[in-house]
Structure formats: structure tokens, C-alpha cells
Amino acid sequence: ANAARAPQDLAGCHVVVSAGGTREPIDPVRWIGNRSTGRQGLALAEAARARGARVTLVAANLEIAGAQAAADDVVSVESTAQLRDAVRAAGASADVVVMAAAVADFRPAAPSEAKIKKAPGRGPAPIELVENPDILAGLVRERLREGQVVVGFAAETGDASGSVLDHGRAKALRKGADLLAVNAVGAGRGFGTPDNEVWVLDAAGEQVAYATGSKRQVADALWDAVAKLRG
Ligand code: CTP
Ligand code: CA
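Just so we're clear, the structure is a prediction, and the values are computed from it rather than from any experiment.

What counts, and at which threshold
- Residues numbered from 1 in each chain as written.
- Chains lettered and ligands numbered in written order.
- Predicted model: local features only at pLDDT ≥ 70, side-chain atom pairs only at ≥ 80, totals over all residues.
- Heavy atoms only, no water.
- Buried < 20%, exposed > 50% of the residue type's maximum accessible area, 1.4 Å probe, protein only.
- Helix = DSSP H or I, 4+ residues; strand = E, 2+ residues; numbered from the N terminus.
- Pairing = 2+ DSSP bridges.
- Phe/Tyr/Trp six-rings, centres within 6.5 Å; stacked < 30°, edge-to-face > 60°.
- Lys NZ or Arg CZ within 6 Å of the ring centre and 35° of its normal.
- Axes fitted to C-alpha atoms, helices over the stretch in contact; angles between N-to-C directions.
- Contact = heavy atoms within 4.5 Å.
- Parallel < 35°, antiparallel > 145°, perpendicular 65-115°, else oblique.
- Left-handed = near helix turned anticlockwise from the far one by under 90°.
- Nonpolar A, V, L, I, M, F, W, Y, C, P; charged D, E, K, R; others polar.
- Core = buried A, V, L, I, M, F, W, Y, C linked by side-chain atoms within 4.5 Å.
- Near = heavy atom within 4 Å.
- Polar contact = N/O pair within 3.5 Å; in protein donor to acceptor, adjacent residues only side chain to side chain.
- 1 Å grid on protein atoms, 1.4 Å probe; cavity = no way out; pocket = protein on both sides within 12 Å on 5 of 7 lines; lining within 4 Å.
- Sits in = over half its atoms within 2 Å of the grid points.
- Donors = N, O, S within 2.8 Å, 3.2 Å for Na, K, Ca; no water.

1. Quick look at the pairing of strand E6 (residues 96-99)
Then step 1. Every second residue of E6 is oriented toward a common face, with Val 96 and Val 98 on one face and Val 97 and Met 99 on the other, all of them buried.
Then step 2. Across four bridges, strand E1 (residues 14-20) lies against E6 in parallel orientation. Across the sheet, the residue bridging to Val 16 is Val 97, located in E6.
Then step 3. Pairing of E6 with strand E9 (residues 149-156) involves four bridges; the strand directions are parallel. Within the sheet, the bridge partner assigned to Val 96 lies in E9 and is Val 149.

This is how it looks when you write it as C-alpha cells:
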């Protein structure tokens with residue numbers, strides 16, 4: 001919003017932000033997808049740009065306008081395989097990579113080249129799924145560039161085994177990203193809504209920031225944490 005007053009603490013930085021949600025083809029006309037619209041990712045791109053970064057946005061099936069205006073470069077992708085290739089290509093020269101996209105955990109093992117038809121008298125055929133590569137884990141493991149800061153997002157709901165934050169802490173330890181932004185989803189929270197509530201955890205699961213408000217405010221809180229980490 002007010003670029004003139006934003007701190008220029010990301011000047012000279014190349015940041016890559018993935019946004020939206022991946023789609024895995026079942027056949028030429030159908031896919032398995034998720035409810036991510038890309039709002040938080042777009043807000044991250046806009047905020048980084050206002051703070052002086054050069055931004056590459058890897059856009060997976062965004063359901064909102066504004067991608068071209070939010071970033072210096074936009075790479076549009078659909079599937080997880082495409083997202084992975086685009087993030088890794090741009091990430092090779094990036095100071096920061098933020099995986100805000102909702103990535104499909106599984107994909108159909110063998111998408112049909114022809115539209116799947118109903119078979120009269122028979123029920124639906126099962127769709128065999130295989131697990132997708134974990135893009136974030138690959139970035140953490142391989143470190144495409146020395147000193148690169150890798151940031152993940154985790155959309156969580158609380159359940160019988162723990163709260164949103166409990167699940168977030170466990171994920172931070174499991175993923176090993178430099179920062180993990182944990183947000184509460186479900187029942188009118190998170191997806192498709194203008195506002196967000198986020199805890200930012202470090203690789204040890206310790207809380208380094210908490211932010212609630214617009215997705216832009218949450219984005220700026222996350223960039224504050226990134227800038228602090230970069231020193
Ligand atoms: N992610 C990824 N590649 C995947 C799955 C997830 O890079 N195949 C990234 C997401 O972009 C996000 C982070 O990992 O930044 C956490 O995603 P999430 O779905 O919360 O974690 P999972 O490890 O898939 O755990 P689960 O879905 O079982 O909670
Ligand atoms: Ca997942």
C-alpha cells in the first residue's frame with residue numbers, strides 16, 4: 001500500500017514466492033486440487049516488492065487477479081511437478097524462497113489421456129494415487145544457494161491430538177525450514193478470507209513472531225522475521 005514508507009530491508013534481494021494451489025490431472029478435464037486462492041502468497045509478493053526485493057512469483061492456479069502487478073516475474077504452473085521445476089529454477093539465484101502454495105500431497109498415478117467415461121452398470125473405478133515430492137523438504141536439504149532462507153507455511157486445524165500450534169510445532173521440527181508460518185484454517189478461517197492469524201516458528205519450533213490481521217499485515221510480519229534472520 002504505502003511503498004514510500006516501507007523499510008527497504010529487502011533491497012537487492014531476490015525472493016521467490018509460490019502461491020495458490022496445485023492441481024493434479026485425473027484426465028484432460030478433471031483434477032484433484034485444494035481450496036487455496038493465492039491471496040496470502042500475493043500479499044507476500046506485494047509486501048516484499050514494497051520493501052525493495054526483486055520478486056519472482058510462481059503462481060499455481062490463482063483464483064484472484066493481480067499477479068502481474070505484484071511481482072517482477074510471474075511463472076504460471078498447474079501441477080506439483082511444474083511448481084517444483086519452476087521454484088527450483090528461480091530458487092537457484094534466490095536469497096529467500098517462501099513456499100506459500102498449497103501443494104497436493106498425492107497425484108493420480110497414471111492420469112488418463114482420454115476423458116474417463118462412465119461404464120454402464122458398473123460403479124466408479126478407483127483412482128490410484130502416489131505421493132508427490134516434498135518441494136520444501138528438498139529446498140531445506142539441498143540449499144540451492146548458500147545462505148538461502150527457506151520459509152514454509154502450514155495450514156492447520158486443531159483436533160483431538162492437539163491444537164493448531166501443537167501441530168505447527170511438530171511440523172516445524174519435521175520440516176526443518178528456517179521459518180514456518182503456521183495458520184489456523186477451517187470454519188471461516190484461512191482460505192478465501194481477507195484476514196489471517198499466523199504464528200511464525202523457527203526450525204526448533206520456537207515462536208519468533210505472532211501476527212493477526214490482513215494478509216498484507218501477516219506478510220509484513222513474516223518479512224520482518226526473515227529480515228531479522230538475515231541480520
Ligand atoms: N509442501 C511442499 N511440497 C509438498 C507438500 C507441502 O513443498 N509435497 C510445502 C507447502 O508449500 C508448505 C509446507 O510444505 O510450505 C507445509 O505443507 P503442509 O501441507 O502443511 O505439510 P505436509 O508435510 O504436507 O503435512 P500434512 O499435509 O500431512 O499436514
Ligand atoms: Ca500437505
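2. A few points about the packing of aromatic side chains
Then step 1. Applying the stated criterion to the full structure yields one aromatic pair.
Then step 2. Across from the ring centre of Trp 31, 3.9 Å away, lies the NZ or CZ of Arg 23, which sits over that ring.

3. Concerning the sheet that holds strand E12 (residues 207-214)
Then step 1. With mixed pairing, eight strands are arranged side by side in an open sheet as E5-E4-E1-E6-E9-E10-E11-E12. The sheet is open, and its two edges are formed by strand E5 (73-77) and E12, each paired on a single side. Across the sheet, the axes of successive neighbouring strands diverge by a mean angle of 15 degrees, strand direction being ignored.
Then step 2. Of the strand pairs in this sheet, strand E10 (residues 179-184) and strand E11 (residues 195-202) are connected by five bridges, and their pairing is antiparallel. Bridge assignment links Ala 181 to a residue of E11, and that residue is Val 200.
Then step 3. Across the face of the sheet, helix H6 (residues 215-230) comes into contact with E1, E6, E9, E10, E11 and E12 while running at roughly 155 degrees to E12.

4. A word on the environment of Arg 174
Then step 1. By secondary structure assignment, the location of Arg 174 is in helix H5 (residues 164-175).
Then step 2. Since its relative accessible area comes to 62%, Arg 174 is described here as exposed.
Then step 3. Once the C-alpha coordinates of Arg 174 and Ala 137 are considered, the two residues, 37 residues apart in sequence, prove to be 9.1 Å apart.

5. Looking at the packing of helix H1 (residues 39-50) against H6
Then step 1. The geometry of H1 relative to H6 is characterised by a closest axis approach of 8 Å and an angle of 55 degrees between their N-to-C directions. As the angle between them shows, H1 and H6 are arranged oblique. At the point where H1 passes H6, the crossing takes the right-handed sense. Seen from H1, the contacting residues are Arg 39, Gln 40, Ala 43, Leu 44, Glu 46, Ala 47, Ala 48 and Ala 50; seen from H6, they are Lys 215, Arg 216, Val 218, Ala 219, Asp 220, Leu 222 and Trp 223.
Then step 2. Partitioning the contact of H1 with H6 into residue classes produces nine nonpolar, one polar and five charged.

6. Quick word on the nonpolar core
Then step 1. Formed by 37 residues in total, the largest nonpolar core has its most connected members in Val 15, Leu 44, Leu 57, Val 96, Val 98, Val 151 and Trp 223.
Then step 2. Examining the composition of this core, we find that seven residues originate from one element, H6, more than from any other.
Then step 3. The residues touching Leu 44, leaving out its near neighbours within four places in the chain, are Val 17, Val 98, Ala 100, Phe 153, Ala 219, Leu 222 and Trp 223.

7. A few points about the site of ligand 1
Then step 1. Around ligand 1, 14 residues are found, and the nearest of them are Met 99, Ala 101, Leu 136, Lys 171 and Lys 175.
Then step 2. The contact in question runs from an oxygen atom of ligand 1 to an N or O atom on the backbone of Ala 101, over 2.8 Å.
Then step 3. Within the backbone of Phe 153, an N or O atom sits 2.9 Å from an oxygen atom of ligand 1.
Then step 4. Comparing atom positions with the cavity grids shows ligand 1 to sit within the largest pocket.
Then step 5. Breaking the shell around ligand 1 down by element, the ones donating at least two residues are helix H4 (135-142), E9 and H5.
Then step 6. Looking at the shell around ligand 1 residue by residue, the classes come out as eight nonpolar, one polar and five charged.

8. A look at the coordination of the calcium ion (ligand 2)
Then step 1. Surrounding the calcium ion (ligand 2) are the protein donor atoms Asp 105 (OD) and Asp 105 (OD), which sit 2.5 Å from the metal.
Then step 2. With respect to the helices and strands, Asp 105 occurs in the loop between E6 and strand E7 (106-108).

Keep in mind that these numbers describe shape and distance, not what the molecule does.
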